[in-house]
Amino acid sequence: MESVPKFDEMMCEMFQAVKELGGSGTIREIDERTIGILALSQEVQDIPHKTGGKTEVEYRLAWTRTYLKKFGILENSSRGVWALTGKGRELLEIDPGEIVQQVRKMANIKVKDQENTNDDALDNDGVDVPDEVQSWRETLKNVLYNLSPGAFERLTQRLLRESGFTQVKVTGQTGDGGIDGMGIVKLNGIISFQMLFQCKRYTGTVSAGELRDFRGAMQGRADKGLFITTGKFSAPAVAEANRAGVTPIDLIDGDELVERLKELQLGVFPVNDYRIDEDWFFSL
């Protein structure tokens, strides 16, 4: 079976990915482009990490970003956008071995025998955990995953109402063929669409088969579908959701759900504090 590359084995590809994205990108954009360059199989992409809601690939890519940041190649904003620094823009290529050695040296870490070092051991050898792993976003994902099914359905109902849906009803407890609820969305106050939704608390990946089952349950009953999950969608699932000639299904994965809750400030509230990074300004 194909194995997940180690975090330092994906540094060059991530560096290339950010350059191809124009020098900046969201975590999802960078992950997807890096995975594409590495040509990782869907089977490898779906391997879950032992804790939290990330896959093993996502977890290791988080380490990759963290090391590139500590080496001064990448920086990230509070909105989750990662970008090349002035130093990163000047480089044509990078040396993963040098980066790992320098970052560990900066953290006053004794360099271990690389043959005996695994990625999870890095959590305890002096380097901070990856930014997005320790962030409020990951904390919120864990909170969402641990909600009861009823609470998660009520949260979805509130989210849709706050987003402009009307007549939102939760039906999941009736065993309605996989349909958890329904609502009406009106565009520009004129055109209305009947939408059925399904909401699932997953830590893993939603498959194309689950999208097909959902579409089958909503057949002839709505204009559109909406599938919300705390996990993520596989590439085949995304393709199935957008397949031509059938009822379309919009997708909201864990990352998008977190961002939407942040925008609506539903259980998420900002704490404002600012630090001036003079080096950043003078690096422009």
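Look up: the structure comes first, before these words.
Residues numbered from 1 in each chain as written. Predicted model: local features only at pLDDT ≥ 70, side-chain atom pairs only at ≥ 80, totals over all residues. Heavy atoms only, no water.

### Details of the sheet that holds strand β8 (residues 224–229)
No. 1: The mixed open sheet is built from five strands, whose spatial order is β4-β5-β6-β8-β10. Strand pairing shows two members of the sheet lacking a second neighbour, β4 (166–170) and β10 (249–252), which therefore form its edges. Strand-to-strand twist of the sheet, defined as the mean angle between neighbouring strand axes without regard to direction, takes the value 25°.
No. 2: Pairing of strand β5 (residues 181–187) with strand β6 (residues 191–200), which is carried by seven bridges, proceeds in the antiparallel orientation. Bridge assignment links I184 to a residue of β6, and that residue is Q194. (Pairing = 2+ DSSP bridges. Helix = DSSP H or I, 4+ residues; strand = E, 2+ residues; numbered from the N terminus. Axes fitted to C-alpha atoms, helices over the stretch in contact; angles between N-to-C directions.)

### Observations concerning helix α6 (residues 96–106)
No. 1: Taken together, the buried positions of α6 are P96, I99, V100, V103 and R104. End-on view of α6: buried residues confined to an arc of 120°, all on one side of the axis. Opposite its buried face, α6 presents the exposed residues K105 and M106, each directed more than 90 degrees away.
No. 2: Of the residues that open α6, the one with a side-chain oxygen 3.1 Å from the backbone nitrogen of G97 is D95. (Buried < 20%, exposed > 50% of the residue type's maximum accessible area, 1.4 Å probe, protein only. Arc of directions from axis to C-beta. Polar contact = N/O pair within 3.5 Å; in protein donor to acceptor, adjacent residues only side chain to side chain.)

### Points about the pairing of β8
No. 1: Summarising burial for β8: five of the six residues are buried, a large majority.
No. 2: Note that β6 and β8 share six bridges and pair parallel. Residue pairing across strands places C199 opposite I228, the latter belonging to β8.

### Points about the pattern of salt bridges
No. 1: On inspection of all chains with the given rule, the structure shows 14 salt bridges.
No. 2: Across the pair R212 and E240 runs a salt bridge, and its minimum N-O distance is 3.8 Å. Here R212 is found in helix α10 (residues 208–218), whereas its partner E240 is found in helix α11 (residues 235–241), with 28 residues between them in sequence.
No. 3: Among the residues examined, R212 registers a relative accessible area of 46% and is labelled partly exposed.
No. 4: According to the relative accessible area criterion, E240 is buried, its value standing at 7%.
No. 5: Here D250 and K224 are joined by a salt bridge, their closest N and O atoms 3.0 Å apart. Separated by 26 residues along the polypeptide, D250 in strand β10 and K224 in strand β8 bring together distant segments of the chain.
No. 6: Looking at D250, the relative accessible area reads 33%, which means it is partly exposed. (Salt bridge = Lys/Arg side-chain N within 4 Å of Asp/Glu carboxyl O.)

### Some points on helix α8 (residues 136–145)
No. 1: For α8, the set of buried residues is R137, E138, L140, K141 and L144. An end-on view of α8 places all buried positions within 160° of arc, on one side of the element.

### Description of the sheet that holds strand β3 (residues 81–84)
No. 1: The antiparallel open sheet is built from three strands, whose spatial order is β1-β3-β2. The sheet is open, and its two edges are formed by β1 (24–26) and β2 (74–76), each paired on a single side. Here the strands of the sheet are splayed against their neighbours by 25° on average, with no regard to which way each runs.
No. 2: As paired elements, β1 and β3 share three bridges and run antiparallel to each other. In the strand pairing of β3, S24 is matched with A83.
No. 3: Along the sheet, helix α1 (residues 11–20) makes contact with β1, β2 and β3, crossing β3 at roughly 95°.
No. 4: The strands touched by helix α2 (residues 27–38) within the sheet are β1 and β3, with β1 carrying the most contacts at an inclination of about 100°. (Contact = heavy atoms within 4.5 Å.)

Limitation: the analysis is restricted to geometry and does not speak to function.
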